[in-house]
Amino acid sequence: MSTTANAEPQKRARPGLRLPLAVVSWLQAAPLAVILGVFLVIPLLLIVVVSFWDYDFAMMYPGFYTFNYAETFGSWVTWKTYLNTLKYAAIVWALTLVIGFWVAYFLAFHIRSAAMQTVMFLICTVPFLTSNIIRMISWIPVLGRNGIVNSALVSMGIVREPVEWLLYSDFAVILAMVHLYTLFMVTPIFNSLIRIDRALIEAARDAGASSTQILTNVIIPLAKPGMAIGTIFVVTLVMADFITVLVMSGGQSASVALMMRNQMSLLQYPGAAANAVVLLIVVLMMVAGILRIVDIRKEL
């Protein structure tokens, strides 16, 4: 009976339709490719195309003209504006890196409870529940001529009259940017520090390393991917910021983004597009330099 059963041809299920692996991979990547194409690639291409157009006070004229880039590279005012923007980016990056690293270090190594780490991190994010503009404008009554800081300095006799450079100056711009963007440095660095194996620190301590040596030879090298990601966030945000420069400098300073905003308000869209292309290239070069120095794939 069993012999007969074994002799009977077994029914096999018909194989389903199988697509080649390459086709399956393309189909899986298609939704993301469509989104990136529609919302990233096409707008960038349109900006590049418009940057070569001509314009007057009322209209734009399609064509291929290079004078927009000639004006960008041939104007000393434009060069000075780019240098001023790079100055803001460098100073804000340095300050946010120092502040962000020590805040993340405190959260990662001095707070033992994971629940308390979460609570403290949420406390750091509370100011970011409000608008950037509100947090920026809140510095005006603090730094103003009759603000809290000047009133305290005058009442304590440190200065005889209010300090003028606290508000509507580069100092005010940098202070507001550091306030706005420090969390973008804290988060990735904290994410890197929290992943460090504590056994490495204990091994270094058992080997006789001091606290400074552990910090410089163990913790900071392992935190570099987080620092690199935070740097990319902060630098790109500062380079694209114009409202902080406009408000906190009182219109006495400039940035590339503010220059583009002024050009667009004057309907000079091709000129603004040319500056946008140049700014994009500068930012991409900076990001490429960061990625060549630090491998952030360890963090992703």
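These numbers were taken from a predicted model, which means no experiment stands behind them.

**A closer look at the packing of helix α2 (residues 21-50) against helix α15 (residues 269-293)**
Reasoning step 1: Following both chains from N to C, one finds α2 and α15 inclined at 120 degrees, their axes separated by 8 Å at the closest point. The angle between the axes of α2 and α15 places the two elements in the oblique class. Taken as a pair, α2 and α15 cross one another with a handedness that is left-handed. For the pair α2 and α15, contact is made by L44, I47, V48 and V50 and by Y269, P270, A273, A276, V277 and L280, respectively.
Reasoning step 2: Of the residues contributing to the contact of α2 with α15, the split by class is ten nonpolar, no polar and no charged.

**Comments concerning the packing of aromatic side chains**
Reasoning step 1: Tallied over the full model, the rule gives eleven aromatic pairs.
Reasoning step 2: Taking 5.1 Å as the distance between ring centres and 40 degrees as the angle between the ring planes, the aromatic pair formed by F52 and Y69 counts as tilted. Placement of the pair is F52 in the loop between α2 and β1 (54-55) and Y69 in helix α3 (residues 67-74), with a sequence separation of 17 residues.
Reasoning step 3: Residue classification places F52 among the buried positions, given a relative accessible area of 18%.
Reasoning step 4: For Y69, a relative accessible area of 13% gives the class buried.
Reasoning step 5: Between W165 and F171, the aromatic rings sit 5.2 Å apart at their centres with planes inclined by 85 degrees, giving edge-to-face as the arrangement.
Reasoning step 6: What links up through ring pairs into an aromatic cluster is the set F101, W102, Y105 and F109.

**Considerations on the UniProt feature "transmembrane region" (unreviewed entry) in the protein chain**
Reasoning step 1: UniProt annotation of "transmembrane region" (unreviewed entry) refers to residues 21-53, 88-107, 119-140, 165-190, 227-249 and 269-294 when read in the numbering used here.
Reasoning step 2: Taken end to end, residues 21-53 is 91% helix and 0% strand, and its two terminal C-alpha atoms sit 44 Å from one another.
Reasoning step 3: Taken end to end, residues 119-140 has its terminal C-alpha atoms 30 Å apart, with 64% of it in helix and 0% in strand.

**Focus on the side chain of T244**
Reasoning step 1: Mapped onto the secondary structure, T244 falls in helix α13 (residues 243-248).
Reasoning step 2: You can call T244 buried: its relative accessible area is 1%.

**A look at the nonpolar core**
Reasoning step 1: Core analysis: the largest hydrophobic core is formed by 68 residues, its most contacted members being F101, F109, M177, I189, L193, I219 and V238.
Reasoning step 2: Looking at this core, the elements with two or more residues in it are α4 (76-110), α9 (170-181), α10 (183-194), α11 (198-206), α12 (211-240), α13, α14 (256-265) and α15.
Reasoning step 3: At 13 residues, α12 tops the list of elements feeding residues into this core.
Reasoning step 4: Residues in contact with V238, not counting those within four places in the same chain, are Y88, A89, V92, M177 and Y181.

Calculation notes
Residues numbered from 1 in each chain as written. Predicted model: local features only at pLDDT ≥ 70, side-chain atom pairs only at ≥ 80, totals over all residues. Heavy atoms only, no water. Axes fitted to C-alpha atoms, helices over the stretch in contact; angles between N-to-C directions. Helix = DSSP H or I, 4+ residues; strand = E, 2+ residues; numbered from the N terminus. Parallel < 35°, antiparallel > 145°, perpendicular 65-115°, else oblique. Left-handed = near helix turned anticlockwise from the far one by under 90°. Contact = heavy atoms within 4.5 Å. Nonpolar A, V, L, I, M, F, W, Y, C, P; charged D, E, K, R; others polar. Phe/Tyr/Trp six-rings, centres within 6.5 Å; stacked < 30°, edge-to-face > 60°. Buried < 20%, exposed > 50% of the residue type's maximum accessible area, 1.4 Å probe, protein only. UniProt positions renumbered as here; feature names shortened; annotations may be inferred. Core = buried A, V, L, I, M, F, W, Y, C linked by side-chain atoms within 4.5 Å.

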